[in-house]
Amino acid sequence: MNHTGWGARPTRDGSWHRLKKDLGAWLIMLPGLALFTFFVWLPLLSAIRMSFYKTEGMRITEFVGTYNYAFILYKDPDFWRAVQNTFMYTLWSLLIGFVVPMALAVMVHETRRGKSLFRTGLYLPNIMPALATIFLWKFLFRADGSGGVNMLFQQLGFAPTSWLSNASLVIPVIVVIMTWKGAGATMLIYLAGLQSINQEIYEAAIIDGAGVWGRIKHITIPQMYNLGRTLLILQVIAVFQILYEPMVLTGGGPNNASVSLMQLVYRHAFEYGDYSKASSISVLVSLVLIALTLVYNSISRPKEV
Amino acid sequence: MKKLLALLLTLTLLLGTASALAANLTLGIYPPDTDAVAKEVHDTSYIPAFKVALPDVELVPANYIYSGETFTALAESGKVPTIFETWYTEPQKLIKNKQVADITDQLTELGWLDKINPSIRALLSDENGRVYGIPRDGYALGLMLNAEVFADAGLVDENGIPLFPKTWDELIEAGKVIKEKTGSAALCLLAQDNAGGWHFSNIAWTFGAKLQHKDEADKWQAQLNTPEVVAAMTMVQTLAKKGLLTSDPTSENWGTGFAALGTGSAAMYIAANDAVMQPTQNNGLPVDKLMMVGMPAGSDRSYSLSGGTPYMFSANATPEEIMAALKYVEIMGKAPVLTEASKAGLVADAEYRVDAGIPVIPNFPVWTDEEFNAAQAEVVAKYSNVDARMFQNYFDTVKSEGNLRMEEPMETQVMYAELTKVLQEVVTNPEANIQALLDTADANFQTVLDENINK
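What you are looking at is a predicted structure, and each value in this text was computed from that prediction instead of being measured. (Residues numbered from 1 in each chain as written. Chains lettered and ligands numbered in written order. Predicted model: local features only at pLDDT ≥ 70, side-chain atom pairs only at ≥ 80, totals over all residues.)

## With respect to the overall build of chain A
Okay, so step 1: Along chain A, the regular secondary structure elements total 14 helices and 2 strands.
Okay, so step 2: For chain A, the spread of C-alpha atoms along the principal axes amounts to about 85 × 60 × 30 Å.
Okay, so step 3: A total of 305 residues make up chain A; the buried ones form 28% of that total.
Okay, so step 4: A separation of at least 24 residues holds for 62% of the contacts in chain A among residues at least 6 apart in sequence. (Helix = DSSP H or I, 4+ residues; strand = E, 2+ residues; numbered from the N terminus. Buried ≥ 20, exposed ≤ 12 C-beta atoms within 10 Å, placed from the backbone. Contact = placed C-beta atoms within 7 Å.)

## Re the interface of chain B and chain A
Okay, so step 1: On the side of chain A, 21 residues touch chain B, which itself brings 22 residues to the contact.
Okay, so step 2: The set of elements that each furnish at least two residues to the side of chain B that touches chain A consists of α3 (68-76), α17 (412-428) and α18 (434-452) of chain B.
Okay, so step 3: Considering only residue class, the side of chain B that touches chain A consists of 2 nonpolar, 11 polar and 9 charged. (Nonpolar A, V, L, I, M, F, W, Y, C, P; charged D, E, K, R; others polar.)

## Structural notes on the domain arrangement of chain B
Residues and elements named next belong to chain B.
Okay, so step 1: The assigned domain composition of chain B is domain 1 (22-138 + 307-383) and domain 2 (140-306 + 393-452).
Okay, so step 2: Between the C-alpha centres of domain 1 and domain 2 there is a distance of 29 Å.
Okay, so step 3: Contacts between domain 1 and domain 2 engage 13 residues on the former and 16 residues on the latter.
Okay, so step 4: Residues that form the side of domain 1 that touches domain 2 fall into these classes: 7 nonpolar, 5 polar and 1 charged. (Domains from an automatic or database assignment.)

## With respect to unusual backbone geometry
Residue and element names in this part refer to chain A.
Okay, so step 1: Omega for the peptide link from Gly-253 to Pro-254 comes to -5°, which places this bond in the cis form.
Okay, so step 2: By the secondary structure assignment, Pro-254 is in the loop between α12 (244-249) and α13 (261-271).
Okay, so step 3: One non-glycine residue, Asn-256, lies in the positive phi region at around 70°.
Okay, so step 4: By the secondary structure assignment, Asn-256 is in the loop between α12 and α13.
Okay, so step 5: Looking at Asn-256, the number of C-beta atoms within 10 Å reads 22, which means it is buried.

## Section: the nonpolar core
All names here are of chain B.
Okay, so step 1: Leu-145, Leu-187, Ala-232, Val-236 and Tyr-269 are the most contacted members of the largest nonpolar core, which totals 90 residues.
Okay, so step 2: For this core, the element with the most residues is α17, which contributes 9 residues.
Okay, so step 3: When residues of this core are assigned to domains, at least three fall in each of domain 1 (22-138 + 307-383) and domain 2 (140-306 + 393-452).
Okay, so step 4: The contact partners of Leu-187, leaving out residues within four places of it in the chain, are Leu-171, Gly-175, Leu-239, Leu-244, Leu-245, Ala-266, Met-268 and Tyr-269. (Core = buried A, V, L, I, M, F, W, Y, C linked by C-beta atoms within 7 Å.)

## Remarks on the packing of helix α9 (residues 170-195) of chain A against helix α11 (residues 212-240) of chain A
Each pair of packed helices can be described by the angle between their axes along with the distance between the axes.
Residue and element names in this part refer to chain A.
Okay, so step 1: Here α9 crosses α11 at 160°, and the two axes come no closer than 10 Å. Classified by the angle between their axes, α9 and α11 sit roughly antiparallel to one another. The handedness of the crossing between α9 and α11 comes out as right-handed. Residues Thr-186, Ile-189, Tyr-190, Gly-193 and Leu-194 of α9 pack against Met-224, Leu-227 and Leu-231 of α11.
Okay, so step 2: Here the residues of the contact of α9 with α11 sort into 6 nonpolar, 2 polar and no charged. (Axes fitted to C-alpha atoms, helices over the stretch in contact; angles between N-to-C directions. Parallel < 35°, antiparallel > 145°, perpendicular 65-115°, else oblique. Left-handed = near helix turned anticlockwise from the far one by under 90°.)

See below:
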């Protein structure tokens, strides 16, 4: 091969050589790339473009610059309520949804008998179809005495409550339902983390006289720190995109008390037929998620333990 | 080579001509699989008659139940059936988005254009008077009653006919008796989705409200926070506070309302004459236990919200396909034409209702053709399967001078959404500040009117 003069030639040859060498890998990736292009990247670019236009159905008609964004930010009656609710979902999911899987993992880890049974049992809600789970819980949280939760409450001497039509309860209740469904999978990840901690460290600590809390504080928590941090950020990003739970359970009500940002996107697109405004909310949500991802990347550099 | 090209071109032309001749009718109005009786009527009556009338047209049954959520995607991908049903709130949006076909020329050719009820024609036309649909039927909201629950509560006259409420105050009083004696809710009020606002707009009218109007400057103004609307919403709050509604109105939608009425968990429900199959056929209420009366009066008088179902046509449909679809409508007995086939269509529809346990009651005249309307009335009279007294008040009310009102015209679904939000707060929060909630709803709705209409 000529390595002098004609700089482009060796590069071209090199690229061709590399392509030939990686051909198998490219062929394997091709279906995935094609699907991603068609279902993710192209719609994503279309949505960004659409957010700067006026639309007729899904057809763009007239360039309007940032008008759609200005309307959403300053005039849309539901936008700021949806922003507030979405942050409330996130907050409640940190209070309920973040702690529960961790606690479950510790309990399963410490269980001596029937560990597989508990592990499988806790994971089972995860394999249920999402909408079936929602309808099941909708039935359990019915407002009258026929709802399972209210039956239990009545047995305990409390009056039945309108769980899903109570503006202050609706978001925590939805987060409880999400946690019931999703905690098992997160618990498994924590459990794997707990099981990967070298047992010799615990043994050494016991020899040094460390008690249970001492072992948790000085061994378990530092060893699990990086994993917990990663799952926390991933959970925030996932909960920020909450859609079908409030949509099916409450339709965003009562009086917008549970409407989320993604549900607002759905309303604009599929109920009002205004795809440009739906696109601009989607882009705004993406910007928040990009910001959160940057935060995640900046803090996810593993901490030395 | 030249010969080969010539042959290819000839073949292409021939194929092109062949496909242009053969129309393809995708029948979105074909019944769903769940309605076996109605399917049988189409399969054994309408479709064979259509094949005799237009043997060259390929007919593809493809049930489509209109939904605002799926329609745009279907329209953009060119998958809208040649003919489909929607609601009277939708045509203006579909026309504006160029998602439906202009059928003025076909209607003129058939002589149907001037036979459409003028107020319905306006709903189906653009600003230039071009027409995009034809009416299937019309409806007017009233109050449906479960006669069994009224009998259990002792609210019947000496003939066993329910003593129905004529005002909202009377409804509250009757509701207390029903609640006490049967445990059933007096009324199933909807507050889950836009249907809540739809029903409430009718309640508000009976208190003298008008929910939007065009001012001197030709701008549309929201009027959701007037004293009349507040009075109507206060009445709803009273119903909720007294425990006369079903346990959670925010979970009630159009379908669950009929289930509540049909199964007796609610004694009354706001509904229309075109939905009598819902409590009966779909929810098991015997056909003789359903009563319909006019909408109760508020501080003003009784008004009945009037709407209906139009047939509309895919924007991609060719003139031949539109003509084929109109022929099918004619065979079904839904067009202002009296032929042997259309008369048979009217009879088949009535027989289907009798077989399925659906009340056969008079229709609303959506066509102005007197001969057709008389034939329709004759079939209904012949096949009637209900006690006329159970529907007498309803028809007397809707026929009374000034009772019928078309839906509010502008951004109607958005207006319903705003009203539904207020309803949700009012039925779940006994301390709700109705005036403040309606002020917010009014401001929100005005924003949408200014954004989409007043530009």
